[in-house]
Amino acid sequence: MTSEGIDPDIEIMSDAHNISLIKKKECRVLSSKKFNRNTMPRHYEQNVELFWAERQKTNPKLFNGTKFRLDSVTMTSKPTSVLTMNVGVTDYKDFIGTNWSPEAKDIRNLGLRDCNNSQTYMSDAMGVGAFVQTSDHFLILLRRSADCAEAACLWDVPGGHPEPKEIVGIIPAEDIDPDSLSPAAIVEEIYDSIVRETIDEVNIPRSVLSEPELIGIARNTTSAGRPSVEFFIRCSLTSGEVLSLYNTGSQAEAEESTAIKVVPVGEVPGLQFECPELWNLLAPSAKGCLTLYRQYIRQNGE
């Protein structure tokens, strides 16, 4: 899905601009090994290991945790609106070794040649992000630290990944059978993960956050189409209270960001064109989140 004015760093995979935001009860998951990435020719698979080892040398903090792979999505509107995510399992090593590989363009072309699908060999580890709106109508942005494996030193919305380990424990991706996972548990983890990330990154308690509502899904073109599920969350604290809590530095993931910024929500729809100096310092995941929010607001006349 494309439209005029979309930043080249992102592509819109799915959005909610013609319906209300998608609550947890309106989201479904189909989990199957058929949604795992396909195995590439030997040369490319060997290079996954090589690229991962090289990245670990430059950033020893990298950890190969398991992730969900978002293969595709479908949306139905009758009798009620339901978003279905087709999900497999991957890990961070495969994500770095495919989506961030120097050979990513070749891998995507290989997928088109072999399966008519540029993403078939990609890890496409599912990310999550949130448009967190304070009670006085400000958006929260965090500046990513230099140690972040992706989008280092750029401004981003709170976010991270839903984790299979929250369902099956800490076991290798190859030992997880997606067909045996509970779809309801995966939906619960997807929606809960963005709340945990917001708490751990911003240092605000769960009690002041609303239930997340899904705005849409955007692909990051700078990481070969990696998808991120973007949510809207209301925070009952003011922007000043949020800034104060963040600046105590006691959050669980304090090392992942170095600064916080708040932006008036009313300025967000025009940010890309009216404030390019900030827009160009946004991580692709933030650009995707804010673009989806802009489309939703404009389509619904809010």
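Below: a short report on this structure. The structure presented is a predicted model; accordingly, all values stated were derived computationally and were not measured.

Looking at the overall build of the protein chain
Next up, step 1: Summing up its helical and strand segments, the protein chain has nine helices and eleven strands in all.
Next up, step 2: Expected size for 302 residues packed as a compact globule is a radius of gyration near 19 Å; at 18 Å, the protein chain falls within 12% of this value.
Next up, step 3: C-alpha extents for the protein chain along the principal axes are approximately 55 × 50 × 40 Å.
Next up, step 4: When each of the 302 residues of the protein chain is scored for burial, the buried share is 54%.
Next up, step 5: Sequence-distant contacts in the protein chain: of pairs separated by 6 or more residues, those separated by 24 or more amount to 74%.

A closer look at unusual backbone geometry
Next up, step 1: The backbone of histidine 137 shows a phi angle near 65 degrees, a positive value even though the residue is not glycine.
Next up, step 2: Topologically, histidine 137 is positioned in the loop between β5 (127-133) and β6 (138-144).
Next up, step 3: Owing to a relative accessible area of 48%, histidine 137 belongs among the partly exposed residues under this scheme.
Next up, step 4: One non-glycine residue with positive phi stands out, namely asparagine 203, at about 75 degrees.
Next up, step 5: Of note, asparagine 203 is situated in the loop between α5 (183-202) and β9 (213-220).

Observations regarding the environment of arginine 55
Next up, step 1: Tracing the chain through its elements places arginine 55 in helix α1 (residues 42-58).
Next up, step 2: Here arginine 55 falls in the partly exposed class, since its relative accessible area comes to 24%.
Next up, step 3: The spatial distance from the C-alpha of arginine 55 to the C-alpha of asparagine 38 is 23 Å, given a sequence separation of 17 residues.
Next up, step 4: Not counting the four nearest positions on each side in its chain, arginine 55 is found in contact with Leu62, Ile96, Trp100 and Ala149.
Next up, step 5: Here the side chain of arginine 55 touches alanine 149 through a polar contact of 2.9 Å, landing on its backbone oxygen.

Considerations on a nonpolar patch on the surface
Next up, step 1: On the surface, a nonpolar cluster with roughly 180 Å² of combined accessible area is contributed by Ile167, Val168 and Ile171.
Next up, step 2: Exposure remark for isoleucine 171: the relative accessible area of 32% places this residue in the partly exposed category.

Some words on the pattern of salt bridges
Next up, step 1: Counted by the stated rule, this structure contains 20 salt bridges.
Next up, step 2: The salt bridge involving arginine 234 is made with glutamate 213; its shortest N-O contact spans 3.6 Å. Here glutamate 213 lies in strand β9 and arginine 234 lies in strand β10 (residues 226-234), a separation of 21 residues in the sequence.
Next up, step 3: The class of glutamate 213 is buried, set by a relative accessible area of 14%.
Next up, step 4: The network of salt bridges with shared partners includes Glu189, Asp192, Arg196 and Arg206.

Let's talk about the environment of asparagine 99
Next up, step 1: Along the chain, the position of asparagine 99 falls in the loop between α2 (92-98) and α3 (104-115).
Next up, step 2: For asparagine 99 and valine 128, which are 29 residues apart along the polypeptide, the C-alpha to C-alpha distance reads 16 Å.
Next up, step 3: In this structure asparagine 99 touches Asp94, Ala104, Met122, Ser123, Asp124, Ser223, Ala224, Gly225 and Arg226, once residues within four positions along its chain are discounted.
Next up, step 4: A distance of 3.3 Å separates the side chain of asparagine 99 from the backbone nitrogen of serine 123, its partner in a polar contact.

Re the pairing of strand β2 (residues 27-31)
Next up, step 1: Residue alternation in β2 divides its side chains into a buried set, Cys27, Val29 and Ser31, and an unburied set, Arg28 and Leu30.
Next up, step 2: Two elements, β2 and strand β4 (residues 82-91), share five bridges in a ladder whose sense is parallel. Bridging from a neighbouring strand, leucine 30 pairs with asparagine 86 of β4.

Overview of the packing of aromatic side chains
Next up, step 1: Scanning the model with the defined rule gives six aromatic pairs in all.
Next up, step 2: Judged by centre distance (4.0 Å) and plane angle (15 degrees), the ring pair of phenylalanine 131 and tyrosine 293 falls under stacked. Taken together, the positions of phenylalanine 131 in strand β5 and tyrosine 293 in helix α9 (residues 284-300) put the pair 162 residues apart, joining distant regions of the chain. Neither phenylalanine 131 nor tyrosine 293 differs from the other in exposure class; each is buried.
Next up, step 3: With a centroid separation of 4.9 Å and an interplanar angle of 70 degrees, the aromatic rings of tyrosine 191 and phenylalanine 231 are classed as edge-to-face. Of this pair, tyrosine 191 sits in helix α5 while phenylalanine 231 sits in strand β10, and the two are 40 residues apart along the sequence.
Next up, step 4: Given a relative accessible area of 2%, tyrosine 191 falls into the buried group.
Next up, step 5: Phenylalanine 231 gets classed as buried once you look at its relative accessible area, which sits at 0%.
Next up, step 6: An aromatic cluster is defined as three or more aromatic residues linked by ring pairs; in this entry it consists of Trp52, Tyr92 and Phe95.
Next up, step 7: The ring centre of tryptophan 155 lies 4.8 Å from the NZ or CZ of lysine 261, which sits over that ring.

Conventions we followed
- Residues numbered from 1 in each chain as written.
- Predicted model: local features only at pLDDT ≥ 70, side-chain atom pairs only at ≥ 80, totals over all residues.
- Heavy atoms only, no water.
- Helix = DSSP H or I, 4+ residues; strand = E, 2+ residues; numbered from the N terminus.
- Rg over C-alpha atoms; globule rule 2.2 N^0.38 Å.
- Buried < 20%, exposed > 50% of the residue type's maximum accessible area, 1.4 Å probe, protein only.
- Contact = heavy atoms within 4.5 Å.
- Polar contact = N/O pair within 3.5 Å; in protein donor to acceptor, adjacent residues only side chain to side chain.
- Patch = residues over 30% accessible without salt bridge, like charges linked within 9 Å, V, L, I, M, F, W, Y side chains within 5 Å.
- Areas by Shrake-Rupley, 256 points an atom, 1.4 Å probe, with all protein chains shown as cover.
- Salt bridge = Lys/Arg side-chain N within 4 Å of Asp/Glu carboxyl O.
- Pairing = 2+ DSSP bridges.
- Phe/Tyr/Trp six-rings, centres within 6.5 Å; stacked < 30°, edge-to-face > 60°.
- Lys NZ or Arg CZ within 6 Å of the ring centre and 35° of its normal.

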